[in-house]
Amino acid sequence: MPLVNSKELFEKAYKEGYAIGAFNCNNMEIVQAITEAAKECNSPVILQVSAGARKYAKPVYLRKMVEAAVEDTGLPIVLHLDHGADFEICKDCIDGGFTSVMIDASSKPFEENIEITRKVVEYAHAHKPYVTVEAELGTLAGIEDDVKVELGAESYTNPDQVEEFVKRTGVDSLAIAIGTSHGAYKFRPEQCTRDPKTGILLPPPLRFDILEEVSKRLPGFPIVLHGSSSVNQEYVKIINDHGGALKDAVGVPEEQLRHAARLAVCKINIDSDLRLAMTAGIREHMEAHPDHFDPRQYIGDGRAYVKQLVKHKIVDVLGSNDKI
Ligand code: G3H
Ligand code: 13P
Ligand code: ZN
């Protein structure tokens, strides 16, 4: 099966109450870990590439690695541009074989966001085969490539704007802001309560009222959640127990993501959790084997941890296992 766009995957996910995982890829081991996990779980998957990934690995390497994963697994895989900053980067990816792009003009005023998004949609939908487009309304806290939004300066999506936005842009899916944020420090300690036994921070709940309001205005329309790493404390502990120093790292609880996936959320973006799993595997290996210097040994352990994590996400959080 060749690369696919997200249209039919989202239609099925919406109807059946699950979400597709959109995992960020930066190197070969991450691509292999995600796609081998998806293969073993019989799950569709989205591999997404940020501007930072393009800079680190070069677009051609990323595209060829994803094509290799398609050939190796035979899975329906979407190659998606994450947080495309302008029309040019979206065009470049569409021309280069991506099957889906995100145009992220969410930091721009509403009319400007509509104008840029509509231009990308026109280009993507005229492409043969059709390329799907995701856009965003509302802003998340955290760092996305060069845009940094401080915690507290984010803004939730306004449900009153979504119908007009979708109608005027023709976009295929919409990312909304309901309290998730990018990175491994999603909430300030003062926004959380602290578990007295473990000392671990418990974050405030996501704004499901906004998600429900949005989906009432857009029945059947696929919604996307960015910033959806859960910062699984087992990996944070391994990192901290083996020389790391991640204090008060906190993410979105997995039960809340599972709930969102049963509603209108069809795509859930996960990057930081992969980074934590990879780092946990490598740190643990390095400490246990100070004499090792073959990168295949320690990166191989990182890859195994990422694969284990992705299987857990597919089965216990996204619910996309056995959906092919
Ligand atoms: O949305 C942000 C993603 O985690 C990508 O991060 O720009 O460091 O590759 P990056
Ligand atoms: P996390 O930092 O929560 O993994 O979010 C990733 C993301 O939204 C990529 O677009
Ligand atoms: Zn994102």
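Structure's up top.
Residues numbered from 1 in each chain as written. Chains lettered and ligands numbered in written order. Predicted model: local features only at pLDDT ≥ 70, side-chain atom pairs only at ≥ 80, totals over all residues.

1. Here we look at the overall build of the chain
Just so we agree on the cut-off: Put simply, DSSP marks the helices as runs of H or I at least four residues long and the strands as runs of E at least two long, and each gets a number from the N terminus on. Contact between residues is assigned whenever the C-beta positions, reconstructed from backbone atoms, fall within 7 Å.
Secondary structure assignment for the chain yields 12 helices and 12 strands. Each of the three principal axes of the chain carries a C-alpha extent, and together these read 60 × 45 × 35 Å. When contacts within the chain are restricted to residue pairs at least 6 apart in sequence, long-range pairs at least 24 apart make up 74% of them.

2. A look at the site of ligand 2
Selection criterion: Contact assignment follows one rule, namely that a residue is near a molecule or strand if its backbone-placed C-beta atom lies within 6 Å of it.
Near ligand 2 lie 14 residues; those nearest to it are H226, S229, N269, D271 and S272. Among the elements of the structure, β3 (77-84), β12 (265-270) and α11 (272-288) are those that each provide at least two residues to the shell around ligand 2.

3. Observations concerning the pairing of β12
Rules: Neighbour density around each residue's C-beta defines its exposure: 20 or more other C-beta atoms within 10 Å make it buried, 12 or fewer make it exposed, and counts between make it partly exposed, where C-beta atoms are placed from the backbone. Strands are treated as partners if at least two bridges between them are detected by DSSP.
Across the six residues of β12, six count as buried, placing the element largely inside the fold. In the sheet, strand β1 (residues 20-24) pairs with β12 via four bridges, with the strands oriented parallel. The partner of I20 across the bridge, within β12, is K267.

4. Brief notes about the environment of L211
With respect to the helices, strands and loops of the structure, L211 is situated in helix α8 (residues 208-217). The exposure class assigned to L211 is buried, which follows from the 22 C-beta atoms found within 10 Å. Here the alpha-carbon distance between L211 and I176, two residues 35 residues apart in the chain, equals 8.0 Å. Residues within four places of L211 in sequence aside, it is in contact with I176, I178, I223, A260, L263 and A264.

5. Structural notes on the nonpolar core
What counts is decided by this rule: We define the nonpolar core as any set of buried residues of the types Ala, Val, Leu, Ile, Met, Phe, Trp, Tyr and Cys, connected via C-beta atoms lying within 7 Å of each other.
Residues I34, L47 and V101 are the most contacted members of the largest nonpolar core, which totals 96 residues. Residues contacting L47, with those up to four places away along its chain left out, are F23, C25, V31, I34, V66, I77, L79 and H80.

6. A closer look at the packing of helix α10 (residues 254-262) against helix α12 (residues 295-318)
Our working rule: Note on geometry: axes are C-alpha line fits, over the in-contact stretch for helices, and angles between N-to-C directions span 0 to 180 degrees. Lys, Arg, Asp and Glu make up the charged group, whereas Ala, Val, Leu, Ile, Met, Phe, Trp, Tyr, Cys and Pro make up the nonpolar group; the residues left over, Gly among them, are polar.
Between α10 and α12, the least distance of the axes is 9 Å, while the angle of their chain directions is 65°. Facing E254, L257, R258 and A261 of α10, the residues of α12 in contact are D316, V317 and L318. Its residues assigned to classes, the contact of α10 with α12 comprises four nonpolar, no polar and three charged.

7. Examining the packing of helix α9 (residues 233-241) against α11
Spelled out, the test is: We call a crossing left-handed when the near helix sits turned anticlockwise from the far one by less than a right angle, and right-handed when that turn is clockwise.
In contact at an axis separation of 8 Å, α9 and α11 are set at 35° when each is read in the N-to-C sense. The way α9 lies across α11 gives a crossing that is left-handed. Contacts from Y235, V236, I238 and I239 in α9 reach L276, A277, T279, A280, R283 and E284 in α11.

8. Section: the environment of G97
With respect to the element layout, G97 can be found in the loop between α5 (87-95) and β4 (100-103). When the 16 C-beta atoms within 10 Å are taken as the criterion, G97 is described as partly exposed. Sequence separation between G97 and A249 is 152 residues; the distance between their C-alpha atoms is 36 Å.

9. Some words on unusual backbone geometry
Cis rather than trans, the peptide bond between K128 and P129 has omega equal to -5°. Positive phi is not limited to glycine here, since K58 has a value of about 75°. Relative to the elements of secondary structure, K58 occurs in the loop between α3 (51-57) and α4 (59-73). Residue H83 is not a glycine yet carries a positive backbone phi of 55°. Of note, H83 is situated in strand β3. C-beta crowding within 10 Å serves as the criterion here: with 25 such atoms nearby, H83 is assigned to the buried category.

10. Overview of the sheet that holds strand β8 (residues 173-176)
Here we have eight strands rolled up into a closed barrel, ordered β1-β2-β3-β4-β5-β8-β11-β12, and parallel in their pairing. When the angles between neighbouring strand axes are averaged without regard to direction, this sheet yields 25°. In this structure, β8 lies alongside strand β11 (residues 223-225), joined through two bridges in parallel fashion. Its bridge partner lying in β11, L174 is registered against I223. Those strands touched by α4 are β2 (45-49) and β3, and its axis lies near 155° from that of β3.

11. With respect to α9
Quick reminder of the rule: Throughout, the arc means the angular range of directions from the helix axis out to the C-beta atoms.
Along α9, the residues classified as buried are Y235, V236, I238 and I239. Along the axis of α9, the buried positions cluster into a sector of 160°, meaning they face one direction only. Facing away from the buried side of α9 by over 90 degrees, the exposed positions are E234 and D241. Where the residues of α9 are buried, they touch α11.

12. A look at the pairing of β3
Defined as follows: For a crossover, the right-handed case is the one in which the path from the first strand over the helix to the second runs clockwise, viewed with the strands pointing away from the viewer.
Burial analysis of β3 places eight of its eight residues in the buried class, the great majority of the element. As paired strands, β2 and β3 are joined by five bridges and run parallel to one another. Bridging from a neighbouring strand, I46 pairs with V78 of β3. Taken together, β3, α5 and β4 constitute a β-α-β crossover, and its handedness is right-handed.

These results come straight from atomic positions and should not be treated as a statement about function.
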